[in-house]
Amino acid sequence: LAQEAILAYSVLLPLLHTWDRCGAAMPVVGKAAAKQAAQPADAGLKRKAEGEAADGEEPPAKEAKVEEEAETELDDKPDRRAALKEAVGFRVEDTTLNAVPTLGDTVLATLTDGGMQYLIAGARASVGMKAGRYAFELKVIEALQTSDLAWPRGTPKPRQLVRLGFSTSGSSLLLGESEEHVFFDSDGAFTAGKQRTFPSAKFGKDEVITVLLNLSTGTPNANTLSIFKDGVRISKPQALPEQLKGKPLFPHVSYRNVTVQVNFGPSAMQALPFKCRLVGAAASADTVTASKPQGKAGKCEVVLPVGYPDEGTFEWLDDFLAKNPQYVELSDRKVIEWAIASGMWKPRGHGKGCLDKPDFNFGLPGMDDFSIRKVLSAVTAAVPRNYVVMEVKANLVEEDRKRTLARFSSAFFTKTAYVVMGEPTAEYKDAQLAMLLKDKQEKADLLFRAHQVDKARKKEIAKRQKVIEEQRKKIEDAAKKKAEGASKESEDSTKMQVDSETKKEEGASEVTKAEGEVKEESKDEKKEDVKDEPADADATMETKEEEDEPAEPPKVELTDEEKKTWFRTKQQSDLKSTVFDQCFASFTLPQQSEGFDSIKYLWQDEAAAKEYLHSKVLAKKKVTRLELLQPSEWFNEKLNAWKKLWAEWQKKQADFKASPEWQKK
């Protein structure tokens, strides 16, 4: 047995060496198999590279690669300018409603209850960079667990994500939703404006990520953004888009289902290959501090817009928010926009419903059960900031207004009602006419393009038909010539048999025939000319039509009737017709007794607004079928009295008919 084992070993040993040199994977079992399965997928490639390096060929190539990727950033020089005194952090107005800054703005957590787990959180720092070279650090310290049942097909991916970079003041708080953003993300992508590339490596939990913004002119990497993982560069410097050059840029973080630690300095958690200051240690001259919105007596304002449905409510709100970006809109339409910006699929029937209460229909229990409303109601009541509660129906009904104001009972809130009812201001009318003209022009442009496409299609069809007709004519002409040639040969053979005496007569007839042929040829030429004339005429007509056809869509104008319009018609109504019919009789204007600190009438004064609302309600009553109309208490009292009296009369009549006097008659 020992001799056989030695013989087998001597035979197998060369095979093993050959197999290993070829880089093949040996089939293994038991503990060896488990050990191999635990190795990374690229372990074989690494072993192969190491084996090739042993031959002395690969190391020079690696050294050359290192020389090509040598760090081009230089060490910071001593800066004697005044340093930034203000601590860099996150202000409430520069964070989304689900972002929770804690521990002195060094940790960013997020709300994940119900549908909030699907929404991306965002936070922008209070200090921005306008010059110099500075960095900030981020570390994922917790990845929140999510349920597979809550994240089926159609939910945004990935479940946990981190985006970090820079943005301009006033831009969207969700990185990726504006041209004013530039950032890296945890998938290894770099986004500048709306263009996304993958120049970086991925990163995850427990790794220190450093983002470096270089605005120093005259340096090798001026106007670039770089990223490092645990002090090692994982991407080449990426150029800033042109629209961001020369603008102050603020550190910005967006994340979902993670808790991150953010370090603005002055000390770094992880050293870089070169000396670089963090944002917190920047020179004051290189920084810009975001302006803080001024509240009334240090308080925040809660605004309730009150307007008649389909009469400029949301248009007025959009204009108000554009002029006052420090306010946050609380409405269902904003929740849907937030969800779509977070990567969720557009809900089925997204265009259905109404603007006040649009249909969600995301197909996810966490979204469709309106749990987000409950979370936002609790958060907004506890976080002091300026809000606009946009509820068309609720803001017109007294009981609903009282319920809304009760949520904001804290002392740091002032409650204000903005009544936008009646004839609007000249500025609002001009804006409506501009949008009406824009909509009309877009429709005209669409019809013009459709006409151009239809005309080109018809022209192509006519061209193909003309080619087919020409081919058919050629075939017919060839067949006709062939038939004429056969008949001419038969005539010649007949003429050869004719007696010589008739040659003279035949000559005379030939002369006559020649004359006839000349005449026929001239007739044929005339016919061909006549036939060619329509083709030339068609070509002339086509050229004339092309010259007359405008190259650009016609410019439209508003009619006199359209110029009198106050409120343009929208595709979606503010309220569903069933809701409108049920509640319009309860519409009232706000009163200070309901809990308002002030009431502002922006379009017309209080008396005119009341009269306008009263006339609208009366006009609505005339054309609306009141399905839920209930009789009043007064009516019920009168009805019961009448029924009682009617019963008494019926009894007296029955008694009279049963009396002897009636029987005698």
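As a reminder, the structure under discussion sits directly above these lines.
Only a predicted model underlies this, so the values are computations on that prediction, with no experimental measurement involved.

A. Representation of the sheet that holds strand 21 (residues 413-419). Taking strand neighbours across the sheet as the criterion, the 5 strands line up as 19-20-18-21-22 in an open arrangement whose pairing is parallel. In this open sheet, the two strands that pair with only one neighbour each are strand 19 (328-330) and strand 22 (598-601). Here the strands of the sheet are splayed against their neighbours by 25° on average, with no regard to which way each runs. Where strand 19 and strand 20 (residues 387-389) come together, 3 bridges link them in parallel fashion. Residue pairing in the sheet places Val 328 in a bridge with Tyr 387 of strand 20.

B. Quick look at the nonpolar core. Counting 41 residues, the largest nonpolar core has Phe 136, Leu 164 and Val 262 as the members making the most contacts within it. It is strand 6 (residues 133-143) that provides the largest number of residues to this core, a total of 4 residues. Formed by 33 residues, the second largest nonpolar core is a distinct cluster that contains Leu 330, Tyr 387, Val 389 and Phe 596.

C. Main features of the packing of aromatic side chains. What the rule picks out here adds up to 22 aromatic pairs. Relative to Phe 264, the ring of Phe 90 has its centre 5.6 Å away and its plane inclined at 55°; by these criteria the two rings are tilted. With a gap of 174 residues between them, Phe 90 in strand 1 (residues 90-95) and Phe 264 in the loop between strand 16 (258-263) and strand 17 (287-289) connect regions that are remote in the sequence. Judged by its relative accessible area of 7%, Phe 90 falls in the buried class. Owing to a relative accessible area of 6%, Phe 264 belongs among the buried residues under this scheme. Consider the rings of Tyr 428 and Trp 603, whose centres lie 4.9 Å apart with planes at 50°: the pair is tilted. Of this pair, Tyr 428 sits in helix 10 (residues 426-496) while Trp 603 sits in the loop between strand 22 and helix 14 (606-623), and the two are 175 residues apart along the sequence. According to the relative accessible area criterion, Tyr 428 is buried, its value standing at 9%. Classification of Trp 603 as buried rests on a relative accessible area of 13%. Taken together, the aromatic side chains of Phe 90, Phe 136, Phe 166 and Phe 264 make up a single cluster linked through ring pairs.

D. Structural context of unusual backbone geometry. A cis amide bond links Gly 265 with the next residue in sequence, Pro 266, at an omega value of 15°. Relative to the assigned elements, Pro 266 resides in the loop between strand 16 and strand 17. The backbone phi angle of Asn 223 is positive, close to 60°, even though this residue is not glycine. Taking relative accessible area as the criterion, Asn 223 reaches 23% and is therefore assigned partly exposed.

Conventions we followed
Residues numbered from 1 in each chain as written. Predicted model: local features only at pLDDT ≥ 70, side-chain atom pairs only at ≥ 80, totals over all residues. Heavy atoms only, no water. Pairing = 2+ DSSP bridges. Helix = DSSP H or I, 4+ residues; strand = E, 2+ residues; numbered from the N terminus. Axes fitted to C-alpha atoms, helices over the stretch in contact; angles between N-to-C directions. Core = buried A, V, L, I, M, F, W, Y, C linked by side-chain atoms within 4.5 Å. Buried < 20%, exposed > 50% of the residue type's maximum accessible area, 1.4 Å probe, protein only. Phe/Tyr/Trp six-rings, centres within 6.5 Å; stacked < 30°, edge-to-face > 60°.

From the geometry alone we can't say anything about function, so treat these as descriptive.
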